[in-house]
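Here is how the chains run, residue by residue.
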Amino acid sequence: MAHFSLLMHCRRCLRVAAVLAAAWALAGCLVFTKIPIGSTAGFTADLALLGAWQVPDEKGAAYLVFLKNKDGSLSVISFDSKDSQWQRYSVRTSKLGARTFMNVREIEADGAPAEDELTQGIIPILYSVDKTSLTLNLLDEDRTKAAIRSATIAGMIEPGRFGDAYITAGPNALDAFMRTPAGLALFDKHPISLRRIN
């Protein structure tokens, strides 16, 4: 059973790695929030994200394509040149002070409704974007779990070696925390770098 759990965990992390530019392993697996970051400030579609982005890989490349929805959210289509798998995500962007955040939830995988854990929580991403480059910083698993255990931020950790971490703080507490150095310190220091291709 332990080997099966490890296999499933690795497969899930590898799929998300392909989705988010083949680099999820830099930030660990998996950290979620129960509510989106930035809800107290409001959500607006960051139009600077629209278009196609690529991160090179020695065996191919991964791509993210951002599209605008009528409800003010964004859709992201992701795929990897090494295989035929693709995913669709719903993304809401927000700004707290000078920092910009994505709140990502999986919607569809290979044309079918997504059914795994990635639909149950929100993947928070600290990002920056300009005309030619996009950088993504995911929450660091170990630092986030340590913050939850020390009650620095409200959350829960699933049991087991590969238990996922969820930040469960309410809107005001979550947004206030993410404005502080302690909140920003939970994000991984090794950004995923993408370049615009359109």
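The rules behind these values
- Residues numbered from 1 in each chain as written.
- Predicted model: local features only at pLDDT ≥ 70, side-chain atom pairs only at ≥ 80, totals over all residues.
- Heavy atoms only, no water.
- Helix = DSSP H or I, 4+ residues; strand = E, 2+ residues; numbered from the N terminus.
- Buried < 20%, exposed > 50% of the residue type's maximum accessible area, 1.4 Å probe, protein only.
- Contact = heavy atoms within 4.5 Å.
- Areas by Shrake-Rupley, 256 points an atom, 1.4 Å probe, with all protein chains shown as cover.
- Polar contact = N/O pair within 3.5 Å; in protein donor to acceptor, adjacent residues only side chain to side chain.
- Pairing = 2+ DSSP bridges.
- Phe/Tyr/Trp six-rings, centres within 6.5 Å; stacked < 30°, edge-to-face > 60°.
- Lys NZ or Arg CZ within 6 Å of the ring centre and 35° of its normal.
- Arc of directions from axis to C-beta.
- Axes fitted to C-alpha atoms, helices over the stretch in contact; angles between N-to-C directions.
- Core = buried A, V, L, I, M, F, W, Y, C linked by side-chain atoms within 4.5 Å.

*Asks:* Quick question: what am I supposed to make of the overall build of the protein here?
*Replies:* For the protein, the count of helices and strands is four helices and 12 strands. Relative to its full complement of 198 residues, the protein shows a buried share of 45%. Across the protein, contacts joining residues at least 24 apart in sequence account for 55% of those joining residues at least 6 apart. In the form shown here, the protein has an accessible surface area of approximately 9,700 Å², with 57% of it arising from carbon and sulfur atoms.

*Asks:* Looking at this model, I keep getting lost on the side chain of Thr 100. Mind explaining?
*Replies:* Looking at where Thr 100 falls in the secondary structure, it is placed in strand S6 (residues 99-109). On the basis of relative accessibility, which here comes to 17%, the residue Thr 100 falls in the buried class. A polar contact of 2.5 Å, which involves the side chain of Thr 100, links it to the backbone oxygen of Tyr 127. What Thr 100 contacts, discounting residues up to four positions off in sequence, is Ser 94, Lys 95, Ile 125, Leu 126, Tyr 127 and Ser 128.

*Asks:* Just to check I follow, could you spell out the pairing of strand S9 (residues 133-138) for this structure?
*Replies:* For a regular strand, the rule is simple: side chains alternate between the two faces of the sheet. Most of S9 sits out of view: five of its six residues are buried. Bridging between strand S8 (residues 123-129) and S9 involves five bridges; their strand directions are antiparallel. Considered in S9, the bridge of Ser 128 is made with Thr 135. Both S9 and strand S12 (residues 192-196) contribute to a ladder of four bridges, which runs antiparallel. Paired with Leu 136 across the bridge in S12 is Ile 192.

*Asks:* Sorry, what's going on with the packing of aromatic side chains here?
*Replies:* One pair of aromatic rings is described through two measures. These are the centre distance and the angle between the planes. Scanning the entire structure with this criterion turns up three aromatic pairs. Both rings, one in Phe 32 and one in Tyr 166, keep their centres 5.1 Å apart while their planes meet at 25°; by these two values the pair is stacked. Of this pair, Phe 32 sits in strand S1 (residues 31-33) while Tyr 166 sits in strand S11 (residues 165-167), and the two are 134 residues apart along the sequence. Considered together, Phe 32 and Tyr 166 belong to a single accessibility category, that of buried residues. With a centroid separation of 6.0 Å and an interplanar angle of 50°, the aromatic rings of Phe 101 and Phe 187 are classed as tilted. Taken as a pair, Phe 101 in strand S6 and Phe 187 in the loop between helix H4 (181-184) and S12 lie far apart in primary sequence, 86 residues in all. Taking the relative accessible area as the measure of exposure, Phe 187 reaches 1% and is therefore buried. Positioned over the ring face of Tyr 166 is Lys 34, at 4.4 Å from the centre of the ring.

*Asks:* How should I be thinking about helix H3 (residues 171-178) in this particular structure?
*Replies:* Along an α-helix, residues three or four apart share an orientation, since each turn contains 3.6 residues. For H3, the set of buried residues is Leu 174, Asp 175, Phe 177 and Met 178. Buried positions in H3, seen along its axis, are confined to an arc of 160° and lie on one side of it. Tucked into the core, H3 has its buried residues touching strand S5 (86-96), S6, S11 and H4.

*Asks:* Just to check I follow, could you spell out the sheet that holds S11 for this structure?
*Replies:* In sheet architecture, strand pairing relies on hydrogen bonds along the backbone and comes in two forms, parallel and antiparallel. An order of S1-S11-S10 is seen for the three strands of this open sheet, with the pairing classed as mixed. In the strand order of this sheet, the two ends are held by S1 and strand S10 (155-157), each with one partner. For this sheet the average axis-to-axis angle between neighbouring strands, irrespective of direction, equals 15°. Set on the sheet, helix H2 (residues 141-149) makes contact with S1, S10 and S11; between it and S10 the angle comes to about 115°.

*Asks:* Quick question: what am I supposed to make of the nonpolar core here?
*Replies:* Counting 23 residues, the largest nonpolar core has Phe 66, Met 102, Ile 125, Leu 134, Leu 136 and Leu 194 as the members making the most contacts within it. Those elements that place two or more of their residues in this core are strand S2 (51-57), strand S3 (60-68), strand S4 (74-80), S5, S6, S8, S9 and S12. Core analysis: the second largest hydrophobic core is formed by 18 residues, Leu 139, Ile 153, Ala 169 and Leu 184 among them.

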